[in-house]
Amino acid sequence: MLRSLSATVLLGTVLLAAACSSDESSAPHGHTPHTVKVFDGASELTEPVQLTAGQTVRVEVKFYDDEGGELVGLDADHVADVAFTPAGLASVAAVAGEPFQFDVTAQGTPGSGTFTVGWGHDDPTDLVFGPFDVDVGAPAPAAVTIQFAARVGATPFACGQVYGGVGSPAVSIAPKDFRMYVHDVRLVHAGGEEPLALDQDGTWQHQNLALLDFEDATGACSNGTAPTHTVITGQAPAYQYTGIKFKLGVPFALNHADVSLAPSPLNLAALFWSWQGGYKFLRLDATVDPAGTPVAHNIHLGSTGCTSSGPTDAPTTACTQPNVVDVALTMDPDAGRGGGRGALMPGNMAADGGAPAACPAPPIPSAGRSLRGSASRSAVRRRSPRASSRPSRHEAAGRAPPAPRHRLQRR
Amino acid sequence: MTLPKIELGRRLFYDQRLSVTGGFSCASCHEQARAFTDGRAVGIGATGEAHPRNSMSLANVAYGSVLTWANPNELTLEHQALTPMFGETPVELGLAGKEAQVFATLSADTTYARLLPAAFPGESTVTLATITRALAAFQRTLISGRSPYDRYRYGDAPNAISASAKRGEALFFSEAQECFHCHGTFNLTGATTWVGKQFVEQEFHNTGLYNLGGTGDYPSPNFGLKIFTGLAADMGRFKAPTLRNIAVTAPYMHDGSIATLDEVLDHYAAGGRTIASGPNAGVGSANPFKSDFLQGFVLTTQDRADLLAFLQSLTDSTFLTDTALANPWPPGSPGNPGGTP
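Residues numbered from 1 in each chain as written. Chains lettered and ligands numbered in written order. Predicted model: local features only at pLDDT ≥ 70, side-chain atom pairs only at ≥ 80, totals over all residues. Heavy atoms only, no water.

Participant: Explain the overall build of chain A to me, please; I cannot follow it from the model alone.
Facilitator: Counting its secondary structure elements, chain A contains four helices and 27 strands. Within the span of chain A, comprising 411 residues, buried residues form 51% of the whole. Counting only contacts in chain A whose residues sit at least 6 apart along the sequence, the fraction spanning at least 24 positions is 69%. Here chain A displays about 16,700 Å² of accessible surface, and carbon together with sulfur accounts for 54% of that area. (Helix = DSSP H or I, 4+ residues; strand = E, 2+ residues; numbered from the N terminus. Buried < 20%, exposed > 50% of the residue type's maximum accessible area, 1.4 Å probe, protein only. Contact = heavy atoms within 4.5 Å. Areas by Shrake-Rupley, 256 points an atom, 1.4 Å probe, with all protein chains shown as cover.)

Structure follows, in structure tokens:
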């Protein structure tokens, strides 16, 4: 309120009036400020002043005499400033050519503190107004859509396609399936990260989990499902986001239920092993050398080391290798879409699965921490001819070429 | 689904007048005691013509996302009923061209005159629409879920199955045997749907049963999904049938070409069947269109006995003898002139 702003500066006004009368006896009558008001455009700010985390607002300070008249024409030989306590609560930048205007950028996280307005002839310390209370609040929630795209190298992923030059040694592959569960999606901003509250659509998203489905049941993917799902939608505070984090997989609490009673998208038979094993977090099936000597190369990633009294009994304690993969990707907030990429690196696609292959050079540049680093720590269930296909197998490297590309945009 | 509609459907399912000869019914190839199969390698229709394929069990057919061996397009039982009724190649019930006569005969029957208005208010005659809807309603009551395995797994009877069957269950759901990849879900087939599911999951698999000439071919006309898609890679791809009551539904496979469960295990252990000579000779395990899951495995004598014990624990004797699913027509009655029990 104007009243409270004015009241808090009375002491400063008195002090300043004394200083001014002694230093500037020839100064124009009434130029000494008695009160100050702060405006955001045409709107006067009131205490506690509300700022939004991470956002910038241009404010103008105006000074008034003891009769409430606005003091004008001060620009030539007077200066002002705005200072926050704690200092990190907001940054203040001068506006060129406008000595009484400032761009105030609140810190990245909610908080509170005070600010003062300084005024002077050559130095904005002759008179200090304030402190005034200020609160930095979180931005209002906004709809968020995260777009995913799957690629093999630089080529968009599609069922029915054959991709050459994959892995080392280079082979051709024909995809048969590509689906994955992700959960715990968080958006990263300068001051921290915010959980994305997923839209509960009854089909693709349940609680904080979503199914990404890149296969469309065409071509060799014909045992799949026709609909695809390449976006995650939800609500999050409208920060300026610079990255995204999520977990690849199904959380333990959802991973060992009865698939016939589980909500969609956790009721797909093709993505479920058993109560004990839970879900296939990532299913990426391909045929290597489809036109020559076809070899199956199927990656089914899920928890291993899950113990219970039988395969159709749910474990009550965590699996020894949950194999939930943390993914973190960066993106360009100004472009509205990120270049974040996670790469599962193809190794020797033609290998028979008998010996884990060394991790070759990545074919796809990755931003931030990516699947590249995590995949090597994960147990991957591969299914290839002659492979033992035991669920406890550990592979040295994931070998899936398509890389999800992530784009963040506010809608 | 109403009780009158179900009862009307049961009458029709067993009614021998629903055939070109007047002596054949749906139940002729779908006997309750055999979990609604017929014990033959392939079905034999009303006129004696052999069907190319084995009569499938109707247990839990309500949950099927695929209703027949390979047709991905028949998605409802109402639609599917048209094939056995009116199909001409092969002839099953043989009703093509006989519709008006059969509908008139059934409409004049006092039982149907009583059941029809209750099942379909406002309807006074038996029509194709009422027949197919009533048949579908009855088939949706063919629920098998009270086997010893069900009492063990879903009930409260931890000793309903033997220790051997429990070991067999573990093998069945293991990554070594891979059985459950195609025979998953409560219905022990991946081609299953249920309430709440937002997606249609249809699966078809080539199990390496044949490999004619080394090119992956199956004996004509049983080309599987390829018949419907025209895609070469769909040769020999069939639905994985439910394994419920599997011990009473011999012989096995889409063409009834394996007589016993023991031999079925041989087929899967070998990763495909080898036929040494004759017109169907070929190394099935090398079929280029074979499912990735058919990698073969080694079974000890004990493993084999355990797997068989598990499969036998899936026999639901309640289902096989439930009088609510049995033939309602007494021998000699209008719907059962031949005196079928």
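So that's the structure; there's more coming.
Participant: Can you help me understand the interface of chain A and chain B in this one?
Facilitator: Accessible area lost during the coming together of the parts is what is often quoted as the interface size. Contacts between the two partners involve 36 residues from chain A and, on the opposite side, 30 residues from chain B. When chain A packs against chain B, the two sides together hide about 2,600 Å² of surface, and 54% of this comes from carbon and sulfur. For the interface between chain A and chain B, the tally reads two salt bridges. The salt bridge partner of R153(B) is D313(A), with a shortest N-O separation of 2.8 Å. Here chain A is connected to chain B by 12 residue pairs in polar contact (both at pLDDT 80 or more). Elements that contribute at least two residues to the side of chain A that touches chain B include exactly strand 23 (295-301) and strand 26 (381-383) of chain A. (Buried area = accessible area lost by both parts, 1.4 Å probe. Salt bridge = Lys/Arg side-chain N within 4 Å of Asp/Glu carboxyl O. Polar contact = N/O pair within 3.5 Å; in protein donor to acceptor, adjacent residues only side chain to side chain.)

Participant: Just checking my understanding: could you explain the state of the cysteines for this structure?
Facilitator: As used here, a disulfide is simply a covalent bond connecting the sulfur atoms of two cysteines. Residue and element names in this part refer to chain A. By the definition in use, this model includes two disulfides over all chains. Across the disulfide, C159 is cross-linked to C221 (sulfur-sulfur distance 2.1 Å). Looking down the S-S bond of the C159 and C221 bridge, the torsion is -95°, so its handedness is left-handed. On the criterion of sequence distance, the pair formed by C159 in the loop between strand 11 (155-156) and strand 12 (163-166) and C221 in the loop between strand 17 (209-213) and strand 18 (231-237) is long-range, its members being 62 residues apart. Using a relative accessible area of 0% as the deciding quantity, one classes C221 as buried. (Disulfide = S-S within 2.5 Å.)

Participant: Explain the pairing of strand 5 (residues 79-85) of chain A to me, please; I cannot follow it from the model alone.
Facilitator: A regular strand places its side chains on the two faces of the sheet in alternate fashion. Residue and element names in this part refer to chain A. Residues A80, V82 and F84 line the buried face of strand 5, whereas the alternating positions V79, D81, A83 and T85 sit on a face that is not buried. Bridge count for strand 5 against strand 8 (residues 111-120) is seven bridges, and the pairing is antiparallel. Each residue of the ladder has a partner; that of A80, found in strand 8, is W119. (Pairing = 2+ DSSP bridges.)

Participant: Help me out: how do you make sense of helix 5 (residues 110-119) of chain B in this one?
Facilitator: Residues lying three or four places apart along an α-helix face the same way, a consequence of the helix completing one turn every 3.6 residues. All names here are of chain B. Among all positions of helix 5, only T111, Y112, L115, L116 and A119 are buried. Along helix 5, the residues classed as buried sweep out an arc of 110° about the axis, all on the same side. Seen from the open side of helix 5, the exposed residues pointing more than 90 degrees away from its buried face are T110 and R114. Where helix 5 is buried, its residues contact helix 1 (3-14), helix 4 (99-107) and helix 6 (128-139). (Arc of directions from axis to C-beta.)

Participant: How should I be thinking about the sheet that holds strand 5 of chain A in this particular structure?
Facilitator: One key point about sheets: their strands pair by backbone hydrogen bonds, in either a parallel or an antiparallel sense. All names here are of chain A. Overall, mixed pairing links the four strands, which are arranged 3-9-8-5 in an open sheet. Among the strands making up the open sheet, the edge pair consists of strand 3 (49-52) and strand 5. Adjacent strand axes in the sheet meet at a mean angle of 30° when their direction is disregarded. The pairing of strand 8 with strand 9 (residues 127-137) spans eight bridges and is classified as antiparallel. Counted as the bridge partner of G118 is V128 from strand 9. (Axes fitted to C-alpha atoms, helices over the stretch in contact; angles between N-to-C directions.)

Participant: Teacher, can you tell me more about the environment of T203(A) here?
Facilitator: Mapped onto the elements of the fold, T203(A) is located in the loop between strand 15 (197-198) and strand 16 (205-206). Its relative accessible area of 17% is what places T203(A) among the buried residues. Residues within four places of T203(A) in sequence aside, it is in contact with S264(A), P265(A), Q198(B) and F199(B).

Participant: How should I be thinking about a negative patch on the surface in this particular structure?
Facilitator: Among the surface-exposed residues, D77(A), D122(A), D123(A) and D126(A) lie close enough to one another that they form a single negatively charged patch. Looking at the element boundaries, D122(A) is found in the loop between strand 8 and strand 9. (Patch = residues over 30% accessible without salt bridge, like charges linked within 9 Å, V, L, I, M, F, W, Y side chains within 5 Å. Lys, Arg positive; Asp, Glu negative; His and termini not counted. Charge placed at Lys NZ, Arg CZ, Asp CG, Glu CD.)

Participant: What is the right way to look at unusual backbone geometry in this model?
Facilitator: Most of the time, phi is negative for any residue but glycine, and the peptide bond is trans. Cis geometry marks the peptide bond from E47(A) to P48(A), where omega comes out at -10°. Relative to the helices and strands, P48(A) resides in the loop between strand 2 (43-44) and strand 3. For the peptide bond that leads from T89(B) to P90(B), omega is 0°, which places it in the cis range. Tracing the backbone through its elements, the reader meets P90(B) in the loop between helix 3 (82-86) and helix 4. Positive phi, normally seen in glycine, also occurs at E178(B), with a value near 65°. Residue position: E178(B) is located in the loop between helix 8 (163-172) and helix 9 (179-182). E178(B) gets classed as buried once you look at its relative accessible area, which sits at 5%. A positive phi angle is found at T185(B), which is not glycine, with a value near 70°.

Participant: Honestly, helix 4 of chain B in this entry has me stumped. Any pointers?
Facilitator: Residues and elements named next belong to chain B. Where helix 4 is concerned, the buried positions are V102, F103 and L106. Down the axis of helix 4, the sector holding all buried residues measures 100°, keeping them to one side. Seen from the open side of helix 4, the exposed residues pointing more than 90 degrees away from its buried face are A100 and Q101. In this fold, the buried residues of helix 4 make contact with helix 1, helix 5 and helix 6.

Participant: Even after reading the chapter, I still don't get the sheet that holds strand 2 of chain A, so can you show me in this structure?
Facilitator: Residue and element names in this part refer to chain A. With antiparallel pairing, five strands are arranged side by side in an open sheet as 2-1-4-7-6. Strand pairing shows two members of the sheet lacking a second neighbour, strand 2 and strand 6 (90-95), which therefore form its edges. With five bridges joining them, strand 4 (residues 56-64) and strand 7 (residues 98-106) adopt antiparallel strand pairing. Its bridge partner lying in strand 7, T56 is registered against T105.

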